[in-house]
Amino acid sequence: MSPRRNRPKGLNGAVSGRSAEDDRPGRYGGWQSAEDWRGEEWSVRHVSGASAHGKSYRCPGCDQLIPDGVPHVVAWPAHSGVDERRHWHKSCWNAKDRRTTRVQRSRSAPRF
């Protein structure tokens, strides 16, 4: 018996990858809303820990890594599209108005 395929087939039997256009709201296991921040509307998606797998991200609020499998928030300006998505810790997103605009890194921190 051969193993089953976990990825859907595209046209002519080719395996299709994920694209930015395939960005439906339920894909990441969370819920999506719109918020106003800095005078513009932002799309905000809450990602559950179970669906946050495969990559780690750097939070723009605290400049720390969001490890694989940790619940977090994905936010982007509504007018710019999904190419401007940024992954935030939930607490950093909630405290974004209380943070300074410049984050200081320690000398030993990696430059990403």
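Let us look at the structure shown here.

What counts and what doesn't
- Residues numbered from 1 in each chain as written.
- Predicted model: local features only at pLDDT ≥ 70, side-chain atom pairs only at ≥ 80, totals over all residues.
- Heavy atoms only, no water.
- Helix = DSSP H or I, 4+ residues; strand = E, 2+ residues; numbered from the N terminus.
- Buried < 20%, exposed > 50% of the residue type's maximum accessible area, 1.4 Å probe, protein only.
- Areas by Shrake-Rupley, 256 points an atom, 1.4 Å probe, with all protein chains shown as cover.
- Disulfide = S-S within 2.5 Å.
- Pairing = 2+ DSSP bridges.
- Axes fitted to C-alpha atoms, helices over the stretch in contact; angles between N-to-C directions.

1. Thoughts on the overall build of the protein chain
Working step 1: In terms of helices and strands, the protein chain carries one helix and six strands.
Working step 2: When each of the 112 residues of the protein chain is scored for burial, the buried share is 25%.
Working step 3: Of the roughly 8,400 Å² that the protein chain leaves accessible, carbon and sulfur atoms contribute 48%.

2. Brief notes about the state of the cysteines
In protein structure, a disulfide is the covalent linkage between the sulfur atoms of two cysteines.
Working step 1: Within this structure, the stated rule accounts for zero disulfides.
Working step 2: Free cysteine: Cys-62, not disulfide-bonded; nearest cysteine sulfur from Cys-92 at 3.7 Å.

3. Focus on the sheet that holds strand 6 (residues 86-88)
Working step 1: Overall, antiparallel pairing links the four strands, which are arranged 1-2-5-6 in an open sheet. Single-partner strands in this sheet number two, and they are strand 1 (32-37) and strand 6. The mean inter-strand angle of the sheet, taken between neighbouring strand axes irrespective of direction, is 35°.
Working step 2: When strand 2 (residues 40-47) meets strand 5 (residues 72-77), the two strands line up antiparallel, connected through six bridges. Counterpart to Trp-42 in the pairing with strand 5 is Pro-77.

4. Quick notes on the environment of Arg-45
Working step 1: Mapped onto the secondary structure, Arg-45 falls in strand 2.
Working step 2: A relative accessible area of 2% places Arg-45 in the buried class.

The analysis is restricted to geometry; functional conclusions fall outside its scope.
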